[in-house]
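So the chains spell out like this:
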Amino acid sequence: MNDHERRLASVVEGVLESYRDHGNINHIDGNNLPARSEVSELLDDVLSIVFPGYFNYEPLDDLTVRYFVGARCARILRRLEQVVTRSLAVDCSHAGRPADEIGQSAHEHALELLQAIPSIRAALAADVQAALAGDPAACSDAEIIMSYPGVTAIAGHRIAHHLYCRRVPLLPRMIAEILHSRTGIDIHPGATIGRSFFIDHGTGVVIGETSIIGNRVKLYQGVTLGALSVKSREAGRKVQRHPTIEDDVTVYAGATILGGDTVIGRGSTIGGNVWLTRSVPPGTTVVLDTPSLRFFALNGDKNGIEKHALEKNGDKSGTP
Amino acid sequence: MNDHERRLASVVEGVLESYRDHGNINHIDGNNLPARSEVSELLDDVLSIVFPGYFNYEPLDDLTVRYFVGARCARILRRLEQVVTRSLAVDCSHAGRPADEIGQSAHEHALELLQAIPSIRAALAADVQAALAGDPAACSDAEIIMSYPGVTAIAGHRIAHHLYCRRVPLLPRMIAEILHSRTGIDIHPGATIGRSFFIDHGTGVVIGETSIIGNRVKLYQGVTLGALSVKSREAGRKVQRHPTIEDDVTVYAGATILGGDTVIGRGSTIGGNVWLTRSVPPGTTVVLDTPSLRFFALNGDKNGIEKHALEKNGDKSGTP
Amino acid sequence: MNDHERRLASVVEGVLESYRDHGNINHIDGNNLPARSEVSELLDDVLSIVFPGYFNYEPLDDLTVRYFVGARCARILRRLEQVVTRSLAVDCSHAGRPADEIGQSAHEHALELLQAIPSIRAALAADVQAALAGDPAACSDAEIIMSYPGVTAIAGHRIAHHLYCRRVPLLPRMIAEILHSRTGIDIHPGATIGRSFFIDHGTGVVIGETSIIGNRVKLYQGVTLGALSVKSREAGRKVQRHPTIEDDVTVYAGATILGGDTVIGRGSTIGGNVWLTRSVPPGTTVVLDTPSLRFFALNGDKNGIEKHALEKNGDKSGTP
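Residues numbered from 1 in each chain as written. Chains lettered and ligands numbered in written order. Predicted model: local features only at pLDDT ≥ 70, side-chain atom pairs only at ≥ 80, totals over all residues. Heavy atoms only, no water.

Of regular secondary structure, chain A possesses eight helices and 15 strands. Relative to its 320 residues, chain A shows a buried fraction of 62%. Counting contacts in chain A only where the partners sit at least 6 residues apart, residues at least 24 apart contribute 49% of the total. (Helix = DSSP H or I, 4+ residues; strand = E, 2+ residues; numbered from the N terminus. Buried < 20%, exposed > 50% of the residue type's maximum accessible area, 1.4 Å probe, protein only. Contact = heavy atoms within 4.5 Å.)

Once that is clear, we can look at the relation of the copies chain C and chain A. Least-squares fitting of chain C to chain A yields an RMSD of 0.0 Å, with the transformation described by 0.0 Å of translation along the axis and a rotation of 120°. In the structure described here, the two chain copies are related by an operation that fits a three-fold rotation axis. (Least-squares fit on C-alpha atoms with pLDDT ≥ 70 in both.)

Bring the parts together and some accessible area is lost; that lost area is often taken as the interface size. With 73 residues of chain A in contact, the opposing surface of chain B contributes 70 residues. Each partner contributes to the roughly 6,000 Å² buried at the junction of chain A and chain B, and carbon and sulfur atoms together form 59% of this total. At the junction of chain A and chain B, the tally comes to three salt bridges. Residues Arg173 of chain B and Glu143 of chain A are paired through a salt bridge, measuring 3.4 Å at the closest nitrogen-oxygen approach. Those elements that provide at least two residues to the side of chain A that touches chain B are α2 (36–50), α3 (65–90), α4 (99–134), α5 (141–147), α7 (171–183), β15 (293–296) and α8 (314–317) of chain A. Considering every element that reaches the side of chain A that touches chain B, the biggest residue donor is α4 of chain A, with 14 residues. Across the side of chain A that touches chain B, the residue classes break down as 39 nonpolar, 19 polar and 15 charged. (Buried area = accessible area lost by both parts, 1.4 Å probe. Salt bridge = Lys/Arg side-chain N within 4 Å of Asp/Glu carboxyl O. Nonpolar A, V, L, I, M, F, W, Y, C, P; charged D, E, K, R; others polar.)

This brings us to the side chain of Thr203 of chain B. Following the sequence through the fold, Thr203 of chain B ends up in the loop between β3 (198–199) and β4 (206–207). For Thr203 of chain B, a relative accessible area of 7% gives the class buried. A distance of 2.5 Å separates a polar atom in the side chain of Thr203 of chain B from a polar atom in the side chain of His180 of chain C. When near neighbours in sequence (up to four residues on either side) are disregarded, Thr203 of chain B contacts Thr203 of chain A, Thr183, Gly184, Gln221 and Gly222 of chain B together with His180, Gly184, Thr203 and Gly204 of chain C. (Polar contact = N/O pair within 3.5 Å; in protein donor to acceptor, adjacent residues only side chain to side chain.)

A separate point is the packing of helix α4 (residues 99–134) of chain C against helix α6 (residues 149–165) of chain C. Residue and element names in this part refer to chain C. Running from N to C, α4 and α6 cross one another at 150°; their axes reach a closest spacing of 10 Å. If you check the angle between α4 and α6, you find them roughly antiparallel. Crossing angle aside, the handedness with which α4 passes α6 is right-handed. Here Glu112, Leu113, Ala116, Ile120, Ala123, Leu124, Asp127, Val128 and Ala131 of α4 come into contact with α6, specifically with Val151, Ile154, Ala155, Arg158, Ile159 and His162. (Axes fitted to C-alpha atoms, helices over the stretch in contact; angles between N-to-C directions. Parallel < 35°, antiparallel > 145°, perpendicular 65-115°, else oblique. Left-handed = near helix turned anticlockwise from the far one by under 90°.)

This part takes up the pattern of salt bridges. Using the criterion set out here, one finds 51 salt bridges over all chains in the structure. We note a salt bridge from Arg79 of chain B to Glu41 of chain B, for which the minimum N-O separation is 3.3 Å. Note that Arg79 of chain B is positioned in helix α3 (residues 65–90) and Glu41 of chain B in helix α2 (residues 36–50), a separation of 38 residues in sequence. Taken together, the shared-partner salt bridges connect Glu41, Asp45, Arg72, Arg75 and Arg79 of chain A into one network.

Moving on, we get to the relation of the copies chain A and chain B. The operation relating chain A to chain B is a screw motion whose rotation component is 120°, with 0.0 Å of axial translation and a residual RMSD of 0.0 Å. Comparing contact sets, just 4% of the residues at the interface of chain A also lie at the interface in chain B, consistent with a heterologous contact between different surfaces.

In this section: the nonpolar core. For soluble globular proteins, nonpolar side chains are generally found buried alongside one another. Counting residues in each nonpolar core, the largest one holds 273 residues, and the members touching the most others are Phe51 and Ile207 of chain A, Phe51 and Ile207 of chain B together with Phe51 and Ile207 of chain C. With residues near it in sequence (within four places) discarded, Phe51 of chain C still touches Ile25 of chain A together with Leu124, Val128, Ile145, Val151 and Ala155 of chain C. (Core = buried A, V, L, I, M, F, W, Y, C linked by side-chain atoms within 4.5 Å.)

The next subject is the interface of chain C and chain A. Across the boundary between the two partners, chain C contributes 73 residues, which contact 70 residues of chain A. For the pair chain C and chain A, the summed buried area comes to about 6,000 Å², and 59% of that belongs to carbon and sulfur atoms. When the buried surface of chain C facing chain A is broken down by residue, Tyr57, Pro136 and Arg294 of chain C rank first, second and third, together holding 12% of it. Seen at the junction of chain C and chain A, the total is three salt bridges. Notably, a salt bridge pairs Arg66 of chain C with Glu13 of chain A, separated by 2.5 Å at the nearest N-O pair. There are 15 residue pairs in polar contact (both at pLDDT 80 or more) connecting chain C and chain A. Sorting elements by how many residues they give to the side of chain C that touches chain A places α4 of chain C first, with 14 residues. Among the residues forming the side of chain C that touches chain A, the class breakdown is 39 nonpolar, 19 polar and 15 charged. Direction of pairing for strand β14 (residues 285–288) of chain A relative to strand β15 (residues 293–296) of chain C: antiparallel, over a ladder of four bridges. Residue Val286 of chain A lies in a different strand from β15 of chain C, and its bridge partner there is Phe295 of chain C. (Pairing = 2+ DSSP bridges.)

A word on the pairing of β14 of chain A. Here strand β12 (residues 269–270) of chain A runs beside β14 of chain A; their pairing, made up of two bridges, is parallel. Within the sheet, the bridge partner assigned to Ile270 of chain A lies in β14 of chain A and is Val286 of chain A.

Between its first and last C-alpha atoms α2 of chain B spans 21 Å; for 15 residues at 1.5 Å apiece the expected length is 21 Å, and the two agree. Of all 15 residues making up α2 of chain B, eleven are buried, and the element is well covered by its neighbours. If you check which residues of α2 of chain B are buried, you get Glu38, Val39, Ser40, Leu42, Leu43, Asp45, Val46, Leu47, Ser48, Ile49 and Val50 of chain B. Where α2 of chain B is buried, its residues meet α3, α4 (99–134), α6 (149–165) and α7 (171–183) of chain B together with α1 (3–21) of chain C. (Expected span 1.5 Å × (residues − 1).)

Read across the open sheet, the six strands follow the order β15(A)-β14(B)-β12(B)-β9(B)-β6(B)-β3(B); overall the sheet is mixed. Looking at the sheet topology across the chains shown, the edges are occupied by β15 of chain A together with β3 of chain B.

Further remarks concern unusual backbone geometry. If you check the backbone angles, Leu170 of chain A has positive phi at about 65° while not being a glycine. With respect to the secondary-structure elements, Leu170 of chain A resides in the loop between α6 (149–165) and α7.

Residue and element names in this part refer to chain C. Read across the open sheet, the five strands follow the order β1-β4-β7-β10-β13; overall the sheet is parallel. Where the open sheet ends on each side, the last strands, each with one partner, are β1 (186–187) and β13 (275–276). Relative to strand β10 (residues 256–258), strand β7 (residues 224–226) runs parallel, the two sharing three bridges. Bridge pairing in β10 links Leu225 to Ile257.

Next up on the list: the environment of Ile144 of chain C. Residue and element names in this part refer to chain C. Among the secondary structure elements, Ile144 is positioned in helix α5 (residues 141–147). A residue is classified by how much of its surface remains accessible, and Ile144, at 0% relative accessible area, is buried. Taking the C-alpha atoms as reference points, Ile144 and Leu132, twelve residues apart in sequence, are found 7.2 Å from one another. If sequence neighbours within four positions are ignored, Ile144 has contacts with Val128, Ala131, Leu132, Ala138 and Val151.

What follows is about the packing of helix α2 (residues 36–50) of chain C against α4 of chain C. Residue and element names in this part refer to chain C. At a minimum axis distance of 10 Å, the contact between α2 and α4 shows a crossing angle of 65°. Where α2 crosses over α4, the two elements pack in a sense that is right-handed. For the pair formed by α2 and α4, the contact residues are Val46, Ile49 and Val50 on the first element and Leu114, Ile117, Arg121 and Leu124 on the second.

Bringing the confidence of the model for chain A into the picture now. Scored by pLDDT, chain A has a mean of 86; 88% of the residues are at 70 or more. Of the two predicted TM-score estimates for the complex, the pTM is 0.90 and the ipTM is 0.87. (pLDDT = per-residue confidence, 0-100.)

The subject of this paragraph is the environment of Ser87 of chain A. Take Ser87 of chain A: it is sitting in helix α3. Each C-alpha atom of the pair Ser87 of chain A and Pro59 of chain A lies 34 Å from the other, and the pair is 28 residues apart in sequence.

On to the environment of Leu171 of chain B. Residue and element names in this part refer to chain B. Residue position: Leu171 is located in helix α7. Given the relative accessible area of 0%, Leu171 is considered buried. Here the alpha-carbon distance between Leu171 and Gly96, two residues 75 residues apart in the chain, equals 20 Å.

This is the structure in structure tokens:
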């Protein structure tokens, strides 16, 4: 062993030793976890049959589509079985179960997701319609499906939420986080979201685990549906920590709505940058009372301040 | 067919049936669309000749650069022809045209983009200078080109905008969205942006389709140049829905400027978090009238509130 | 040469000519720069031994882990030597040094990073604990390590900061920007961050180069620790342009804290959307004095405005 080798060997020993010291961030028990790259490819596979013809190289027609879908479903089934098996192994409540029972359970989860594709597609068809109706810059279904991060986010969420509701551990959060990374939109897989949902632009949107969102709701970039306090689950059951948004509500950019008791009544409009921690009745428009702005002329110094508040034209200021 | 096979076959039939029910989110007409991965690689190819030596493994010198650029241009030409051909097929206005005419048109678009590289590079050289001048943490051109998301975003935008102006459908938006995903900066390819443009940090920036931005403009993270209302195109022609930002304007983090009639006069400074829906004359500084803050001491309860507003030092509060 | 060939040749000449005109955005001097994809893979390699078993396909157990770590350390050493060598070449202060001296220096940097893995792991073990304690939606260490962008960001930062402190040019910023792109969290590698650090959600967070953050600090999405002015380094030495956040401080979503003289005293809580450019003493809670909101009933017009301010319940409004 020369000096180079000795130094590297000592580095390796140091790393191994640190695995004994900080066990909480190791995973060295002989079981595989789902790899992020694997989950990412699996998600792309599912999206390729959810939006057929949009995310694959080969052209599809009425003849080829049956074989494409068949092959893709079979591949998804096998990949999903594996990934769900590994996810179940993380949850200690499955610790005692024999491997073939876990495998069978994973098979059922995988099959159920494939069986749910038609109903997920029905929801997404309405979401795409909502995007087309809601954005004057949108030109075609293709443009929306292929280039709207809000559509990517809700498509992935409807898949992740299906798995979350069936208590598959880890995997739904991994899917959500892959989508967060791709789109800047952070939807917890636990969130319940109705039909014809549209997020425009989307960067910075956060939708918490126990949020409940009705039909035809529209959110803009930077909207947070968050929790008021960091209470843990009470007595083992999950309490609603995030708001309820009823049907036909629009929330403009940067608005923050917090708290499990907060209900935004149907048909309401929440203006940009509004910070809400209480409920509002149906049909309410809430806008920020335009904050005073101060204007300085080009060579204005402190003595020469020309200060005047903006007109309080609340009917437009907060609601682009 | 065993039970497993039967269940999978029934799943496949279910998915195929849903393709008949929700036709708007299928693309099964035998034509290819540009794949996102393809467009992403194409964009990287273009960036590799726009910033030669920064995004490729092999070192370049005066001898090798000619062959590198030649090979790369030829490859871009072919890839771009294909992607533009498929993009044109999405636009119904090209529906009746014979395939070779569309192919010829795609060839011209591809060649024109390559011909525009020198002028795109001239603009980007000034953008990189603006970044170097505008950020005290910046050390070298290499650091800026290789690690500033604002530079990546404007480089991609100048490419996408060239295609948008020539009415290539779909592709410019796909490029914009790939950049949005990489950088968190969402610039619609329709936006008109002048020379020496710099976005610092950038996450959450949204620049709408009909925005007009002058020379030497600087934006920080979270700035929105948006629309006041969601009116569609009027009578077939496009109206300006987004603001005009004149030369030498700086807009600080989180500011929101809305509306097609809003003009920010040259040399103005818009402070952080300002919400503006009206024009300001040249040379104006607009800052938020510092909102009152409330301070509680460590064991302060409601009776013991020590409440005092911040000094109204508007000359610094909104303009970091 | 046919017409097609001639046009392409002329395009190539045009691009080459532009390389002579705008030299600042070329890198054609025969030296390689680190490729972003290379740095991204290297970062993944380092993370795979920092969190063993979480980011690799093959299962690890007590027998295999030694060989996995050995092989990975050797690979990281070689890759890091190369990337650091190329990074050093960017810095003009290394211009005159002979190649083998630079290579030796790169070897030392690479080895030192590997030697630091145990202490980086000790810090990250505490960060993961802080995340598990701080988020009621978190279920397991695995979920946090594999799907919390805040954990990815601080893991990468602790690696980048190690290199930054040893004055490796370019590479730390490239790592930071790869993480920014993946997570939406923008931490300059120069920032000094204490133990048990947690960022929840994270999109839009910006932490400037000279920020100093104590122990057990918690940040939410959209928080900026920024500079008040764009002064360059003074007389060659770096001044603190960004705030100091002492131990046990929580900063809620969207808050902006600016300035190198600004110190947030230990145990303080900064509410959502607060804009602070001055210091606060230890144990202070700062909340936005709830801005007046205006509420309109469903058919309310300007005459029928029902306007009432929100209760000023400052003890909860700004601190979810």
